[in-house]
Every structure is written in structure tokens, then in C-alpha cells.
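A look at the structure
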Amino acid sequence: MTERERFIKALKREPIVGHVPTFELVFFLTLESIGKIHPSQQTFGQWNQMSASEKKLHIDYCADTYIEIAKKYHHSAIFIHPNPGDFDNTVRLLEAIREKSGDKFFTMMHGDPTFSMPEGSNMMEFTERLYEDTDGVKKEAQRRLESHVRFAEKMAKREGLLDAFCLCSDYCFNVNPFFTPDMFSEVIAPYLKGSIDEYKKMGFYSIKHTDGNIMPIVDQMVQCGPDALHSLDPQGGVSLKEVKRLYGDKVALCGNVNCGLLQTGTLDQVMEDTRRSLREGMDGWGYIFCTSNCAYTGLPLERYELMNKIWWEEGIYK
Amino acid sequence: MSITNEISLALQKGKRAQVQELVKKALEEGVSAKAILNEGLIAGMSEVGEKFKNNEVYVPEVLIAARAMNAGTAIIKPYLAAEGVEPVGKAVVCTVRGDLHDIGKNLVKMMFEGVGIECIDLGVDVEADKIIEAVKESGAKVIGLSSLLTTTMVYHAEVIKALEAAGMRDQVKVMIGGAPVTQEFADEIGADAYTSDAASAADVALSFFKN
């Protein structure tokens, strides 16, 4: 069974043997880990001036980077940041990954049409629109949904390249979601469900990510039908055990290793939190091991590698 | 019901136009700007803050109430000056160096203003030197530092060290907050306070000015 097949089984909450699958939504520490610049951190200002062979070299470099990281840390899935991010170059990158690694890895990319919570600079303007121009907000949400569906339809014609869309709009602070549950049901949930339904029809899996305390809206999120929820943020008070108890029969779960502890905790705390996540997540099926966000710029690599080592040694279904 | 109570209730519902009308009416009826501010606007915003602390309202509800408060405050501002009403105190707020996230900082600013604290907002990605300069210029007694990233929260400690080096640590209270920040971390770096939400931050800041 390939890593991709094992990942799919986890998404379907089916029994697997061996290691619980692992991946990272983003693994930014590529330079430190394997000496290669992360694709999203490269700038190709003269892309259209390049010869086809030079473009291919760059795309191969990006593909090699993703594959090398996945192999080094035994990831089952690769999340791509296409750069350049247009459709054709996205396809070329996925083709390169498939050419070099076959169907070994599950592939995914961004694909969330829903509004995330706003930045501080536009939070008032966005809030005013929520209250005073709800219909306009809904129309924009619908336009965004249609645009994402069009992209997915084009991608679906390129069979065997992409497996899933990650819906990464953040909705929540540590304390609470930005949106009230009523607002969520009106301006987010219909479009979240709409995109997931369309992706499903085209054969794509859907993984819904958000930081923070999802508990006031998690029921609505699950009802939208994603295959998995990511990242079950303990800094937002989200308990993997509790979400598993409530929704483990409806959705697969990814994450929960506390990024705060990975950054500033003691080594003992990192080890304990890794083991806790494995223990709680692997109880039953449908768990994908990873951090509670991603391997972000500035994360001490040795902490990630410690977490990964414990997973390798202990994250095994018996 | 008194007109200041009406202002408070309209503010809590985020009814900006109604707050504006009521504030104008109160002024016409001879209610002092200070009473409108304290018994109407600040009282209303405090109620919203209390509900926010208790997870009874969400951020958009706070923002829309703050918008109503700002609209009311704008009307009474010249009258406050004429009455010689001073702000409760001054605070410098910012998101620390390396961090561009500002929603938490903006919420804190809003809540600070909601209890009558004047804010000097330095924005995002702010160096310690700039914070020290702002404190010197404004005479602020409170600094509110924010970070969203685990990689930038360590800069809170750098600000405290810089204040110590400048011989100003005893002049100001340093409050810290943000998604990855904890009470434990605040204790470790010697911050004066940590709060998990913006409304609690305003309460704590107010207590610093009152004591």
C-alpha cells in the first residue's frame, strides 16, 4: 500500500496497519532541513522571459523539494504552493511530482472560497458589510465559490494529479470564532458546503483547516461534509479527544501537537504533547498526525524532528 | 429611563445613528458631555466588554458597538475639551517587531478607548526603540504589546529589556497578549500583566491607572 493509499484510508476512517499517516500543511523549513529554498519563498520576477527548459528546471526544483521533504519525514501527503500560481504552472508542478514519485504521495493544494476572519486593517469595514450589506457579502461569497469550482473543474480534467483541496480560511481566535454562529450559518456554511459538495462530485477530497477555538461552530463545519478537520488547535482550547468523541464517526481529524510548546516548551513538554496527540488521535481510526498549524518559518527544526522521531517510533497501529 | 441609559442600550446594539441622535438630544437637554461619556458611552461599551469576556458576544458585535461609541464620542469631543475632561490615562499599543498581525491589537485599542483610555497606536512590526520614544513623548503609563506568532512573542521580552536599559521600567506597566502568549510566559519575561482577551486587558489597564 502506498503512502497515498494509507492517507486516503485515514481520511475515510478505515482501519490501517503500520504508522498513522503524517504530513504538514506547510513545511517551510526546507532550507535548513535539506538545503533547498521553499517554493513559496522563491521569486520568479522574469518567469515569462525564461526559456521552457529553464522553467522546467525551476519546476523540477520545486517538485524535488516537496518530494525530498516528504521522504525525509515519511509524510504521506504533499501540500503544494504553486509558484507561479496560475493553472498551467500548477499542473506542471503536479505533473513533475507525479513523474518523479508516481502515486506514492497524496497531493493537495489551497481551495477555500469562504471568507476568513479579516485583518485588523479591514475588520471594521468587513463587519459593517456583514451587518449592513449581508446580501452583498453573500453575492461575493457565491462569486468566490463559482471561481473555485471553475478551477477545480479544470483540474479534474487532468486526471491523477491532484487528490484534495485544503480549505484554509481561518475563522477563529483562541477564545472564540470571529463569526457568530448565526453569521457563520448565513455567510460561511452554505459556501463551505457548496465547495465541498462540488469537490466531492469531481473526486477530490476536502480538508478543512482553521486555527483557534472551533467549538462553537464545529458542528456546522462537520455538517458541511469535509473529509477531515485540521488543525484542532490546543492553543484555542480544542481537545482532540473531545472532537473525536463528538465527531469521530463523521470526519477524520488531523493535528493537535501544540505549536506553542514546539516553540517555547521544554523538550519534556514537546515529547509529552506528541505522545498525547498520538494516544488520543490513534484511539480508533481516522487520524492524521501533524502539528496544530504547520512547520512554519522560525520553528526550531530540531523540535519538529523530535516530534517526528517519536511518531516514527511510537505512532504505529498494533 | 434616563437618556444616558438609552445611549448605553443603543450603543450595545451597535445602533450608530440612534446613538448619534441621542447624544445630540442629551446635549440639547443640558446633560454634560462627561455624563454622556461616562454614563452612556463608556457604560454601554463596558457592558459589551463584560459580555465579550464571558463569551456572550462575538467580535463583530464588539466592533459594531465600538463604531457606535466612536460616533457618539466624536460629537461630544469639543464639549469634553470645554469641560476640561481628561482621558483616564494614556497607553501605547502595538504589535511587536516581526509580526504584522493587527486584529488583536486593534481590539485591545478599541476596548481601551471604550473605558476612556487614550491610545497611541504604533501599528505593527514595531521596534523597542520606537515604543520607548512614544512613551517618552506621550507620558503613557501603560504599554500594550501584541503578537500572534510563536516566533515573534519572544520580542515582548526584548521590549522589557530595552525599557530596563533605558531606566524606564518602573515608569510603565507592560501588558502582553496574543494567541501564543500565556500567563506563564508573561511571568517568565517579567511582564506586569497578561490577559487572554481584549476586554480583560481594558479592565487591567484601567486598574493600573486607578492604583
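Everything here concerns the structure above.
Quick caveat, the model's predicted, so the values are computed rather than measured.

Some thoughts on the interface of chain B and chain A
At the interface, 21 residues of chain B touch 30 residues of chain A. Buried surface at the junction of chain B and chain A, both sides included, amounts to about 2,200 Å², of which 65% is carbon and sulfur. The largest contributions to the chain B side of the interface with chain A come from Tyr58(B), Pro60(B) and Ile103(B), which together make up 29% of the buried area. Counting every contact that joins chain B to chain A gives two salt bridges. Here Glu128(A) ties to Arg67(B) by a salt bridge, and the two come within 3.1 Å at their closest N and O atoms. Summed over the shared surface of chain B and chain A, the result is eight residue pairs in polar contact (both at pLDDT 80 or more). Mapped onto the side of chain B that touches chain A, the elements with two or more residues apiece are helix H4 (59-83) and helix H5 (103-114) of chain B. The dominant element in the side of chain B that touches chain A, judged by the number of residues it contributes, is H4(B), at six residues. Here the side of chain B that touches chain A is composed, by residue class, of eleven nonpolar, five polar and five charged.

Quick look at the nonpolar core
The nonpolar side chains of soluble globular proteins are, as a tendency, buried together. Membership of the largest hydrophobic core comes to 160 residues, with the highest contact counts inside it found for Met108(A), Phe178(A), Phe179(A), Leu41(B) and Phe112(B). A domain split of this core shows at least three residues from each of domain 1 (3-83) and domain 2 (89-210) of chain B. Within the second largest apolar cluster, 30 residues are counted, among which are Cys94(B), Ile143(B), Leu145(B) and Val181(B).

What to know about the sheet that holds strand E8 (residues 287-288) of chain A
Residue and element names in this part refer to chain A. Taken together, seven strands build an open sheet; the order of strands is E2-E3-E4-E5-E6-E7-E8 and the sheet is parallel. Pairing within the sheet leaves two strands with one partner each, and these edge strands are strand E2 (77-79) and E8. As paired strands, strand E5 (residues 205-209) and strand E6 (residues 228-231) are joined by three bridges and run parallel to one another. From the neighbouring strand, His209 faces E6, where its bridge partner is His230. The strands that helix H1 (residues 3-11) touches are E2, strand E3 (106-110), E5, E6, strand E7 (252-255) and E8; relative to E3, the one it contacts most, it runs at about 65 degrees. The sheet strands contacting helix H9 (residues 240-247) are E7 and E8, and the helix crosses E7 at an angle near 165 degrees.

Conventions used here
Sequence positions are assigned chain by chain, starting from 1 and proceeding in written order. Labels follow written order: the first chain is A, the first ligand is 1, and so on. This being a predicted model, a pLDDT of at least 70 is required before a residue's local features are given, and a value of 80 or more before pairs of side-chain atoms are given or counted; all residues contribute to the totals for chains, interfaces and linings. Heavy atoms from the whole structure form the basis of all side-chain values; hydrogens and water molecules are not counted. Residue contacts are defined here by distance: any two heavy atoms, one from each residue, within 4.5 Å place the two residues in contact. By convention, the term buried area covers the 1.4 Å-probe accessible surface removed from two parts as they join, with the contributions of both added. For salt bridges, the criterion is a side-chain nitrogen of Lys or Arg within 4 Å of an Asp or Glu carboxyl oxygen. Two N or O atoms form a polar contact when they lie within 3.5 Å of each other; inside protein one atom must be a possible hydrogen donor and the other a possible acceptor, and for residues adjacent in sequence the pair counts only when both atoms belong to side chains. A run of DSSP states H or I qualifies as a helix once it reaches four residues; a run of E qualifies as a strand once it reaches two. Both are numbered from the N-terminal end. Note on residue classes: Ala, Val, Leu, Ile, Met, Phe, Trp, Tyr, Cys and Pro are nonpolar, Asp, Glu, Lys and Arg are charged, and everything else, Gly too, is polar. Residues enter a nonpolar core if they are buried and are Ala, Val, Leu, Ile, Met, Phe, Trp, Tyr or Cys, with the set joined through side-chain atoms within 4.5 Å. Each residue is assigned to one of three classes by its accessible area relative to the maximum for its type, calculated with a 1.4 Å probe on protein chains only: buried under 20%, partly exposed between the two thresholds, exposed over 50%. Domain segmentation is taken from an automatic or database assignment of domains. Should DSSP find at least two bridges between two strands, the strands are regarded as paired. Simply put, an axis is a line fit to the C-alpha atoms, just over the touching stretch for a helix, and the angle between two N-to-C directions goes from 0 to 180 degrees.

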